[in-house]
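# Results of the structural survey
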Amino acid sequence: MTDAHLNQGPETEAVDDTVWVQEVAFIDSVPRWIAMTLVFVVFIGTWDVVTRLGLVSPIILPTPWETFDDMIFVGVNLLSGDYMLPALWITIKEVIYGFALAIAIGFSLGVLVGETAFGEKAVMPYLVAIDTMPKVAFAPLFVAWLGFGIESKVALAAFIATFPIVVGTAAGLHSADENARMLFKTMGASRMQTLIKMKLPTGLPQIFTGLKIGAVGVMAGAITGEFLGGGKGFGELIRVAASQLNTPRVFSLILYLSLVGLALYLIVQWTQRRVVFWQKESVGEYDH
Amino acid sequence: MNASLASKYSGASSGAPVYELTNVAKTYARNAVVALENVNLTLRHGSFTSVIGSSGCGKSTLLKIMAGLIPPTKGRVILQNNPVTGPRRDIGMMFQQATLFPWKTAVENIVLPIEIRDGKAAAKQAIEKAHDLLDIVGLKGFENVYPNELSGGMAQRASICRMLITEPAVLLLDEPFSALDELSRDMMNMELQRICREQDATAFLVTHSIQEAVILSDEIVVMKPRPGRIAEVVHVDLPRPRTLDMMTTPRFGEIVDHIRSMLDKGEDM
């Protein structure tokens, strides 16, 4: 071969390698932690300047440092098991029960709608109709039906989180391709076998997408329920702090609450990675 | 030349009839499309038959009817002396896509037909056989690998094993290697020939490639569209076993040319 000859020959010349100039824009080459810190600093800095210059009334927007102090106060209160901890626990219970209820109902309805022609024809239109309603507006009804305890909050949280789970499940069941369906038919699989052994596993990525959207909604539902239906949860603490114009407290409570929401989301994501182990994270090699 | 090549039903393999299609027709009532008209076909034991034709000639419809996936509008389909009225265990099928399930390992995918029909315990017992099959197709050592880690050709090999695990009497192949690159396809075709001989299987292949049809088949069913029907059954008298070298012989070229001219004529209609 000519190539081999050239490579091994004594007269091989030193050749410069082709050098690629990688034109990665500076903004894309910044490491994640630096970029995140930068955004955080800019955000806090702007916040600080705005409050320091008195552009906004301190009642409307506290300084970042007041908020930080209050976060420490709330943190100590929670860790020492003072009055805020039971309130947080109530809200966490509402979120967990609400999510569990939403999963049970959402998954069942999703299978009904996604698997049966009856469900798709007769149930789906009603679900879409209810889904387009502003669900928060049902809060007073839930209070009237279920009282001021956690039941009405659980109901609203579940109500909001159910629909994305229905849609995710139904879409997941539809995602199996023609070949897989044909294959199962040639193997003589029953409808139940096809559902359990093929359609459900195939649809797991979409089902988990529905669960993630539901996990976000369930938090919003629980807090809205507490705002509108009272009780003793974390939302009530926020409402009281707001009515006392204690804005630093409102901010810090919201931040702690967001940790709960984040934890729920991460639990769902972690479960997804364990269960749907074959699903590859889409990484765009050519995206900067 | 035509006369020597075009031999309707004569000179087929000597085996007993396995598949018998008589006057099979398929009409889609909704739009009054005649997908298939008056198809008569006999597959003999141990023979390899291909069906070729432009798109819309009804070859996929024919395959689905033979597989018991859809009913014919008219006519009779008999497999091993029993009418085909639904999917059957003695039919093995393979598609263009390997369609392995990513949550199952190679071996678990292969024993899936057993799991569906006979349950988990039977599937477990079939694992040893699945290992043997993987060995046959050259996938030894990949038993517990997930499909994500298999190449396209390897995945199709695994799906061959899945088709063979139930020891079907006939193999229905729907363009099984058309998604592979040409080098892999040639190799897989030779492999398929060897497997069919070893398993003494009767094979029916739908393909778009004239070369592929000629190198593999004893008989080639040339179909024409609108309405889908059999135009001619071409007997391939190349000696067995076939090798890729035969693709350069004059006889091979003659048969390919003949089929191509048949198909070109179909285009005008």
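Residues numbered from 1 in each chain as written. Chains lettered and ligands numbered in written order. Predicted model: local features only at pLDDT ≥ 70, side-chain atom pairs only at ≥ 80, totals over all residues.

For the rest of this paragraph, the subject is the overall build of chain B. When helices and strands are counted, chain B shows ten helices and ten strands. Relative to the globule expectation of 18 Å for 269 residues, the C-alpha radius of gyration of chain B, 19 Å, shows essentially globular dimensions. Structurally, chain B occupies a C-alpha span of about 50 × 45 × 35 Å along its principal axes. Of all intrachain contacts in chain B linking residues separated by at least 6 positions in sequence, the fraction that spans at least 24 positions is 72%. (Helix = DSSP H or I, 4+ residues; strand = E, 2+ residues; numbered from the N terminus. Rg over C-alpha atoms; globule rule 2.2 N^0.38 Å. Contact = placed C-beta atoms within 7 Å.)

Attention shifts here to the packing of helix 11 (residues 234-243) of chain A against helix 12 (residues 247-275) of chain A. Between two packed helices, what matters for the description is the angle formed by their axes and the separation of those axes. Residues and elements named next belong to chain A. Where helix 11 contacts helix 12, the two axes come as close as 9 Å, and the packing angle between them is 165 degrees. Taken as axis vectors, helix 11 and helix 12 run roughly antiparallel relative to one another. Here helix 11 runs over helix 12; the crossing is left-handed. In contact with Phe234, Leu237, Ile238, Ala241 and Ala242 of helix 11, helix 12 contributes Arg249, Val250, Leu253, Ile254 and Leu257. Residue composition of the contact of helix 11 with helix 12, grouped by class: nine nonpolar, no polar and one charged. (Axes fitted to C-alpha atoms, helices over the stretch in contact; angles between N-to-C directions. Parallel < 35°, antiparallel > 145°, perpendicular 65-115°, else oblique. Left-handed = near helix turned anticlockwise from the far one by under 90°. Nonpolar A, V, L, I, M, F, W, Y, C, P; charged D, E, K, R; others polar.)

Residues and elements named next belong to chain A. It is the contact of helix 7 (residues 139-146) with helix 8 (residues 150-174), at a shortest axis distance of 8 Å, that shows an interaxial angle of 140 degrees. With respect to their mutual orientation, helix 7 and helix 8 come out oblique. Two packed elements cross with a definite hand, and for helix 7 against helix 8 that hand is right-handed. Residues Ala139, Phe142, Val143 and Leu146 of helix 7 form the contact with helix 8, whose participating residues are Glu151, Ser152, Ala155 and Leu156. A per-class count over the contact of helix 7 with helix 8 returns six nonpolar, one polar and one charged.

Before going further, it helps to spend a moment on helix 12 of chain A. In this model, helix 12 of chain A (29 residues) spans 42 Å end to end at C-alpha, consistent with the 42 Å of a helix rising 1.5 Å per residue. If you check which residues of helix 12 of chain A are buried, you get Pro248(A), Arg249(A), Val250(A), Phe251(A), Ser252(A), Leu253(A), Leu257(A) and Leu264(A). (Expected span 1.5 Å × (residues − 1). Buried ≥ 20, exposed ≤ 12 C-beta atoms within 10 Å, placed from the backbone.)

Right, let's talk about the interface of chain A and chain B for a bit. The partner chain B presents 17 residues to the twelve residues of chain A that form the contact. Secondary-structure elements contributing two or more residues to the side of chain A that touches chain B are helix 9 (178-186) and helix 10 (191-229) of chain A. Looking at which element gives the most residues to the side of chain A that touches chain B, the answer is helix 9 of chain A, with six residues. Residues of the side of chain A that touches chain B, tallied by class, amount to seven nonpolar, four polar and one charged.

What follows is about the sheet that holds strand 3 (residues 48-52) of chain B. Backbone-to-backbone hydrogen bonds join strands into a sheet, with any given pair of strands oriented parallel or antiparallel. Residues and elements named next belong to chain B. Read from one edge to the other, the open sheet built from six strands follows the order 6-7-8-3-9-10, with strand pairing classed as mixed. Looking at strand neighbours, the two that pair on one side only are strand 6 (91-94) and strand 10 (229-235), the edges of this open sheet. For this sheet, the mean angle separating the axes of adjacent strands, direction not counted, is 20 degrees. In the sheet, strand 3 pairs with strand 8 (residues 202-207) via five bridges, with the strands oriented parallel. Across the sheet, the residue bridging to Val51 is Val206, located in strand 8. Along the sheet face, helix 2 (residues 59-67) touches strand 3, strand 6, strand 7 (170-174), strand 8 and strand 9 (219-224) and points at about 150 degrees away from the line of strand 7. (Pairing = 2+ DSSP bridges.)

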